[in-house]
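So the chains spell out like this:
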Amino acid sequence: MNINPFDLSVSDFVAQSAKWCAEFNIQEDYPYDLKVEIADRALFDSGIDKYEQIAQEAEDWIEQERTRMGETLPTFATQADYIVRTGQWRDEFNIPKYLPYTEQVRIADEVLRTLDRAKYAGMIAAAEEWSKKESANLDAEAPFDGWKEQIRRQLLQIQNGKYLMIYVPYGSSSYRIEQGTLTKVDWNNGTVLLHSTVYNRDNTVAIDNIQSIDESRSGSGALGSVQTADLRLVGNDWYRGNTKL
């Protein structure tokens, strides 16, 4: 199991905790990625209070894991990481900053292979110095947020035309649901464009605002094919349009 020490989330904590796996009925013999996916959905369904409780427990665990993994992987900061985390180079190589971090690193690694010798030599000197500092500093700022990284990975796998229900925080403890067919993911500007067949209009959602994406529906709030008025969760009450259910 190869995990970047910066790529640890509350879902990773749940997936590796016997107590929480038992609580959320996550089987021990499941593949790790599946355990994290189930944990991610279970955390969303658990409510704010329980999530905050688990997140508090996860905080110390994540720091301990970063330290432990950093000791066994003292050179996890590579030249490709340097490109991605240096705005000048990322812009020069046109690497979209809202792509999943691992995808950005993959693109940077491919770009490195195309550079001429002189440019590569100049970059490598700066990258090696940066890498030593980052690898030695286990308290360095994480290159991405674990929860947002999972959302970006999910978006990367969804084809245009797929019907989505996107949950976005609304107030302190509520969510609104943006829904429609996926028209475009703009990785440069960090937005998702949905088309509503009910209102015949497009709606833009910021990727960083997305809490969860439900791909299981084919129509608003149901498995049917006909989309109806949008669902909204206000406090503990559900509304369809402006009508309380």
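Predicted model only: the values in this text are computed from it and were never measured.

Let's talk about the overall build of the chain
At step 1: Per the secondary structure count, the chain includes nine helices and eight strands.
At step 2: Looking at the chain residue by residue over its 245 residues, the buried ones come to 44%.
At step 3: Summarising the internal contacts of the chain: among those between residues at least 6 apart in sequence, 58% fall at separations of at least 24.
At step 4: Only carbon and sulfur atoms are counted for the fraction: they give 45% of the accessible area of the chain, which is about 13,700 Å².

A look at the packing of aromatic side chains
At step 1: Counted under the stated rule, the structure contains four aromatic pairs.
At step 2: Aromatic side chains F13 and W61 sit 5.7 Å apart centroid to centroid with 55 degrees between the ring planes, which places their arrangement in the tilted category. Taken as a pair, F13 in helix α1 (residues 10-15) and W61 in helix α4 (residues 48-72) lie far apart in primary sequence, 48 residues in all. Exposure class is identical for F13 and W61. Each is buried.
At step 3: Ring centres of W89 and F93 lie 5.7 Å apart, and the angle between their planes is 25 degrees; this geometry places the pair in the stacked category.
At step 4: Its end group placed over the ring of Y199, R201 keeps NZ or CZ at 4.5 Å from the ring centre.

Looking at the pattern of salt bridges
At step 1: Under the criterion given, the structure shown has seven salt bridges.
At step 2: Here E23 and K50 are joined by a salt bridge, their closest N and O atoms 2.6 Å apart. Of this pair, E23 sits in helix α2 (residues 18-23) while K50 sits in helix α4; the two residues are 27 residues apart in sequence, bridging distant segments of the chain.
At step 3: A single salt-bridge network, built from bridges that share partners, covers E103, R106 and E110.

Section: helix α7 (residues 101-112)
At step 1: Across its twelve residues, α7 extends 17 Å between first and last C-alpha, which sits within 8% of the 16 Å expected from 1.5 Å per residue.
At step 2: Regarding α7, the residues found buried are Y101, E103, Q104, V105, I107, A108, V111 and L112.

Points about the environment of D12
At step 1: Take D12: it is sitting in helix α1.
At step 2: Between the C-alpha atom of D12 and that of G146, which follows or precedes it by 134 residues, the distance is 9.2 Å.

Re the nonpolar core
At step 1: Counting residues in each nonpolar core, the largest one holds 35 residues, and the members touching the most others are L155 and I166.
At step 2: Elements that contribute at least two residues to this core include exactly α5 (79-84), α7, α8 (117-136), α9 (146-157), β1 (163-170), β2 (174-186) and β3 (191-196).
At step 3: A per-element tally of this core places α7 first, with six residues.
At step 4: Discounting residues that sit within four places of it in the chain, L155 has contacts with V185, W187, V192, I207, I210 and I213.

Scoring rules and cut-offs
Sequence order as written defines the numbering, with residues in each chain counted from 1. Per-residue local features of the predicted model are confined to residues with pLDDT of at least 70, and side-chain atom pairs are confined, for both listing and counting, to 80 or more; whole-chain, interface and lining totals are unaffected and use all residues. For the side-chain quantities, the full set of heavy atoms in the structure was used; hydrogens and water were omitted. Elements are defined by DSSP. Helices are runs of H or I of four residues or more, strands are runs of E of two residues or more, and each kind is numbered from the N terminus. Relative accessible area decides the class of each residue, using a 1.4 Å probe on protein chains only: under 20% of the type maximum gives buried, over 50% gives exposed, and in between gives partly exposed. When checking whether two residues touch, look at their non-hydrogen atoms; a contact exists if any pair is within 4.5 Å. To be clear on the numbers: accessible area is Shrake-Rupley with a 1.4 Å probe, and residue cover counts the displayed protein chains and nothing else. When two rings of Phe, Tyr or Trp (its six-membered ring) have centres within 6.5 Å they constitute a pair, described as stacked for plane angles under 30 degrees, edge-to-face for angles over 60, and tilted for the intermediate range. Note on geometry: a ring has a charge over it if NZ (lysine) or CZ (arginine) is within 6 Å of the ring centre and within 35 degrees of the ring normal. Salt bridge, as used here, is a side-chain nitrogen of Lys or Arg placed within 4 Å of a carboxyl oxygen of Asp or Glu. Here the expected span of a helix is defined as 1.5 Å times the quantity of residues minus one. Definition of nonpolar core: a set of buried residues of the types Ala, Val, Leu, Ile, Met, Phe, Trp, Tyr and Cys, connected through side-chain atoms within 4.5 Å.

None of the figures reported here should be taken as evidence of function without further support.
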